[in-house]
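Structure assessment
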2 protein chains.
Amino acid sequence: VKRELGDSLRVEADLVADGHDRLGGVVRFRDDGKEGKKEWTEVPLTVVENDRWRSEFELEAIGPWTFFIEAWVDDFATFRHSLIRRVEAGQDVTIELVIGADLVRDTAGRAEGEEALSLADTADRIGDETTAIPERLKIILDEKLLELAARHADRTRASRSEPLRVQVDRVKARFSTWYEMFPRSCGPAGKHGTFRDAEARLPYVASMGFDVLYLPPIHPIGVSHRKGRNNATSCEEGDPGSCWAVGADEGGHKAIHPSLGNLADFRHFVSAAADVGLEVALDIAFQASPDHPYVREHPEWFRHRPDGSIQYAENPPKKYQDIFPFDFECTRHLELWEELLSVFLFWANEGIRIFRVDNPHTKPLPFWEWCIGRVTSAHPDTIFLAEAFTRPKLMYALAKLGFTQSYTYFSWRNSKEEFTEYLTHLTGTETAEFFRPNFWPNTPDILPENLQFAGRAAFIGRLVLAATLSSSYGIYGPAYELMDNTPRKGAEEYVDNEKYEIKNWKIEEADSISGVISRINRIRKQNRSLQHNRTLVFHETDNPHLLCYSKRDDQDGSSILVVVNLDFDHPQVGSLTMNFRALGIDGERAFQVHDLLSDARFLWHGQKNTVALDPEIIPAHVFRIRHSLRKEQDFEYFL
Amino acid sequence: VKRELGDSLRVEADLVADGHDRLGGVVRFRDDGKEGKKEWTEVPLTVVENDRWRSEFELEAIGPWTFFIEAWVDDFATFRHSLIRRVEAGQDVTIELVIGADLVRDTAGRAEGEEALSLADTADRIGDETTAIPERLKIILDEKLLELAARHADRTRASRSEPLRVQVDRVKARFSTWYEMFPRSCGPAGKHGTFRDAEARLPYVASMGFDVLYLPPIHPIGVSHRKGRNNATSCEEGDPGSCWAVGADEGGHKAIHPSLGNLADFRHFVSAAADVGLEVALDIAFQASPDHPYVREHPEWFRHRPDGSIQYAENPPKKYQDIFPFDFECTRHLELWEELLSVFLFWANEGIRIFRVDNPHTKPLPFWEWCIGRVTSAHPDTIFLAEAFTRPKLMYALAKLGFTQSYTYFSWRNSKEEFTEYLTHLTGTETAEFFRPNFWPNTPDILPENLQFAGRAAFIGRLVLAATLSSSYGIYGPAYELMDNTPRKGAEEYVDNEKYEIKNWKIEEADSISGVISRINRIRKQNRSLQHNRTLVFHETDNPHLLCYSKRDDQDGSSILVVVNLDFDHPQVGSLTMNFRALGIDGERAFQVHDLLSDARFLWHGQKNTVALDPEIIPAHVFRIRHSLRKEQDFEYFL
């Protein structure tokens, strides 16, 4: 189970005992990262209904927390309950008062200091036969005594659940806005860009409202079997190669490509990024080019073929001769694992706390569990994004063993049914407890069909979907905002892919959608409801092209209602039936919806309203719902 | 998880490994009751979809079984899969054949005898460079080699699940038809009946088609505070007392009430019952009358009040001075527990294998777990019916710890919505895996409102519901078939309750519904679909009084479709929309439905059909669906 700093964890349990005894129960919890971690704190469980109990506690620090349930029979509460029924029936309770005095005396024995003395005194007064029975009943039935006795109930035969874990991450684990950029394409036309060049691009990225700047691998690139433009098996003079072919004479995973600069330049870049609110994320691709120093120094970390050659990466019939995978199961694998761990620790030492991990699903799950555990125990604020485009259960296994976020199938979801089904699964089932989606409309590897030869409406529409369906999303730019839409023939990839060549992006292009992106990211920042996924609700529309959904903020009750015309080529009109309960609308008054994209305002009455979206203008509404015109001032801080 | 003899257990598991490796997996299982139980049998898991695997194994003996999942990476299958892709792409596979020969040689090392020799020879032939490559490929790609290699895959790094348990009971645990009867009311009018008198009643009970004859406690009854007629706090001369006030001078839980006979009479009765197909079930009520020998011999087994008296049973403000509960938590509780266990073992020794346990929810759960475990390890064919009318989770806890069947809330379910919701929960959720319901329209304790002052239609209707919704059901007779419908004023109990007096039932009454009961029980015996609950499906009707449902037999595909008019006072007509898929009807042909209650036959077309039920005639249809008139002969054995 994962949560974020400042959340509280709601815990529920069925407490069952034979008979009609009254029970008591607590959740006991501790922050495992705290010094002297033997201290448990407890909060009482209270009954919800039908033997289901509930409690909640605040998660005030990042790192792993442990909790368990403890429950017991509360003898005094049981006694008190039946005493009340006897009194109501007018029965003689003389002997019951003796029993009750004994119970209170036992309680005194478990209490300490003043409380013990006070309980012992109370017991004596209950048992004092010289006092009138009504007076003694008043003492024993006092609500405060019930509370006190409950706190000192006999727990020697309490039941305890197994210990359970919750991983608490910083808020960015849940709410993050990513921009992927190749620094080498930030230089003057035709030249390999440097970190200094990339620094000049930072204000532009920041102005669009992103908060994570993710760089593809920044290490030296191998020359053996270097790929040419468009993934050609041989390269031409001057081709820079794929930065995922990590390692060359100049160094490996802890080195910086000389053409980008040196470590000092990198530090300067990271610091400049931080100044404009951008946290740098690095790409960790655990594989080596044939020229990686590891290949020379540790041939035993690679698999050898019977002819003595090292096995290059393959997905038969495809061959990747420019990449050697590590043999995670080699005889000296512990040394290999330690070295790979040291790569994370090296960059963590440089202040990097976000890593996008390349293809984690092709490396052993136990390696990741061990490695992430080691990194986060040293640096609990580290975020790992799993670039795992694989079978769902393998993606979930990675999330369970420690990855903070994951790529998803968002790029391949297009219809209303597909979005509804996929998001309901991601946000409304057990999956939501451990799997944090990060939605990417494009990546350097993926130009999905829905963006191929697509226009402005599709680029805006897919961005609105990613940015409002998921509290974390990202784009690969400037390809995205400049609406690069041309695939390599027959492939789901860009033609003239930036992976194999240096691009010269014209970020000042008039028809860039950077302005819309800025607006959407500002809406995300200003509306807490979009910073979570758990309140996502779909609303009915009678037009299959119109997708409508909302998110609501638990704290202030405000809601964002989004309508997207999934047909990016034609205007669509339809009737929308809102789920008022999900929106917290009482339904009796008219209410205003304010389109934060277009700034238009509409006065709506009742659950059914008509929406019309012309993709030529804009393919989506992002409404803020104003619950009552009378209370308009409540929303002022949003403006 | 519970199953019955002859069932197979379907097991599913998600098998997830990193990358694209081929996996192998098995379910390993064993009958824990078998002599020399260290032998595990295994069945292979096969993939269903999306990393979900499935297998099944037969449960050939009663008692507990253990199983677990074992799964591994199959190196040879992984290799073979990529080899095929290389061959298809026309790649050079010379080195792959060397790798393949090595893998087959490793496999030979794990095999034994002839198989080892044959595998080693195969490895040599694959590796033989003097043979042409196509010939070597043919050898290595042989399907039989794949199978053989899979059987001898390297499991040294296999993953194993936790061991899991399945409790296998005899079929009567699932399919049983109970009749509760007081032997003392079987004598001549005004006299205490004996087992000999009760023997005379056996053919009557058997003729109605019951297979379990359940007797309320047969032990001596206390005289102190004996309850009089209609639960009066004091009794009159000659009142027999409640048989749940167990124990008197003549003995306790292992003794027989002298007025019923002696142990020899009991044995004769049990044997006579068996002769007509009735298995005798005893009522075990762990409580003592003040005159029980335990009270004298083991006062330490009871709770004492401060005034020295023994605490009688109470549910404040109600007092049961004729009953002392045991103190299951007394200092010498282990001796008490052993003694109570010996009660079951005593009657088991007399051949009794079905026990109806009185109020188990007011005794500690750990006691039952221990006690039932001990009884079933000596007598695995023992069935325990929990008389637990309590909160659902406590009922489920009893089922999980070992009770075979349980009473339910059936008596208080009346409307279509209530039945649909309750039965969907009982048969279509996880609850169905461990909780076996036993539906009782009445008991000596319960004359529910739906039968108070009710007529023939209600008695027949409630019986049809119990008998067809649940594969186990029972009635308290002859009160039920004679339609005793008069409550004690303001209570949910019979007036002149048989618990406190000897009754003189006129079983020959002309308006007894015993004939209908016979017919319904015969239908249950002849239609396997009614002997399970797991295929229960509700069908839509447009009249809220008409409840329609079906059950289908997995083996022969036959279905029973039941329609009940829940308005027992007025005729109701409605349109029924059948779920054809649940019924296995292909929908293209007309089909005959044969009402097994009235013997009427109807030819139906399509999913929608009209039903009319006049409760004055009969309040229910119990249709057998004939899938195709052409195949009528297939159903002949039912007739």
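None of the values given here were measured: they were computed from a predicted structure. (Residues numbered from 1 in each chain as written. Chains lettered and ligands numbered in written order. Predicted model: local features only at pLDDT ≥ 70, side-chain atom pairs only at ≥ 80, totals over all residues. Heavy atoms only, no water.)

1. Some remarks on the interface of chain B and chain A
The interface of chain B with chain A comprises 37 residues on the first partner and 37 residues on the second. Buried surface at the junction of chain B and chain A, summed over both partners, amounts to about 3400 Å²; 50% is from carbon and sulfur atoms. In this structure, the connection of chain B to chain A is made through 10 salt bridges. A salt bridge links B:Glu329 to A:Arg157; its shortest N-O distance comes to 3.0 Å. (Contact = heavy atoms within 4.5 Å. Buried area = accessible area lost by both parts, 1.4 Å probe. Salt bridge = Lys/Arg side-chain N within 4 Å of Asp/Glu carboxyl O.)

2. Description of the pattern of salt bridges
Here the structure, examined in full by the defined rule, presents 92 salt bridges over all chains. Among the ionic pairs, B:Glu12 bridges to B:Arg52, the shortest N-O distance being 2.8 Å. With B:Glu12 in strand 2 (residues 8-14) and B:Arg52 in strand 6 (residues 52-58), the pair connects residues that are 40 residues apart, well separated along the chain. Its relative accessible area of 28% is what places B:Glu12 among the partly exposed residues. For the salt bridge of B:Glu279 with B:Arg170, the shortest nitrogen-to-oxygen distance reads 2.6 Å. Taken together, the positions of B:Glu279 in strand 12 (residues 279-284) and B:Arg170 in the loop between strand 9 (164-169) and strand 10 (176-180) put the pair 109 residues apart, joining distant regions of the chain. A relative accessible area of 18% places B:Glu279 in the buried class. A relative accessible area of 17% places B:Arg170 in the buried class. When salt bridges that share partners are traced, they join A:Arg10, A:Glu12, A:Asp14, A:Arg52, A:Arg54 and B:Lys393 into one network. (Helix = DSSP H or I, 4+ residues; strand = E, 2+ residues; numbered from the N terminus. Buried < 20%, exposed > 50% of the residue type's maximum accessible area, 1.4 Å probe, protein only.)

3. Some thoughts on the relation of the copies chain B and chain A
Here the second copy of the chain follows from the first by a rotation about an axis and a shift along it. Of the two same-sequence chains, chain B is brought onto chain A (RMSD 0.1 Å, axial shift 0.0 Å) by a rotation of 180°. The relationship between the two copies is best expressed as a two-fold rotation axis. Taking the C-alpha atom as reference, chain B places B:Glu162 closest to the rotation axis, 7.7 Å from it. Counting the interface residues of chain B, we find that 100% of their copies in chain A are interface residues as well, pointing to one common contact surface. (Least-squares fit on C-alpha atoms with pLDDT ≥ 70 in both.)

4. Let's talk about helix 7 (residues 263-275) of chain B
Residue and element names in this part refer to chain B. Over its 13 residues, helix 7 extends 18 Å from the first C-alpha to the last, a length consistent with the 18 Å expected when each residue adds 1.5 Å. Buried within helix 7 are the following residues: Asp265, Phe266, Phe269, Val270, Ala272 and Ala273. Projected down its long axis, helix 7 carries its buried residues within an arc of 165°, all on one side. In this structure, the buried residues of helix 7 make contact with helix 6 (195-207), strand 11 (212-215), strand 12 and helix 9 (333-349). At the N-terminal boundary of helix 7, the capping side chain belongs to Asn262, with an oxygen 3.0 Å from the backbone nitrogen of Ala264. (Expected span 1.5 Å × (residues − 1). Arc of directions from axis to C-beta. Polar contact = N/O pair within 3.5 Å; in protein donor to acceptor, adjacent residues only side chain to side chain.)

5. A look at the confidence of the model for chain A
Residue and element names in this part refer to chain A. Taken over all residues, the pLDDT of chain A has a mean of 95, while the share at 70 or more is 98%. A low-confidence stretch, residues 632-639 (pLDDT under 50), is modelled with 13 contacts involving residues beyond four sequence positions or located in other chains. Interface predicted TM-score (ipTM) for the complex: 0.89; the corresponding pTM is 0.92. (pLDDT = per-residue confidence, 0-100.)

6. Things to note about the packing of aromatic side chains
Aromatic ring pairs are reported here in terms of the distance separating the ring centres and the angle at which the planes meet. Residue and element names in this part refer to chain A. According to the stated counting rule, one finds 100 aromatic pairs over all chains in the structure shown. Look at Tyr214 and Trp440: their rings are 6.2 Å apart centre to centre, the planes differ by 85°, and that puts the pair in the edge-to-face class. Note that Tyr214 is positioned in strand 11 (residues 212-215) and Trp440 in the loop between helix 12 (416-428) and helix 13 (456-469), a separation of 226 residues in sequence. Look at Trp440 and you get buried, because its relative accessible area is 2%. With centroids separated by 5.3 Å and ring planes inclined at 75°, the aromatic side chains of Trp337 and Phe367 adopt a geometry described as edge-to-face. (Phe/Tyr/Trp six-rings, centres within 6.5 Å; stacked < 30°, edge-to-face > 60°.)

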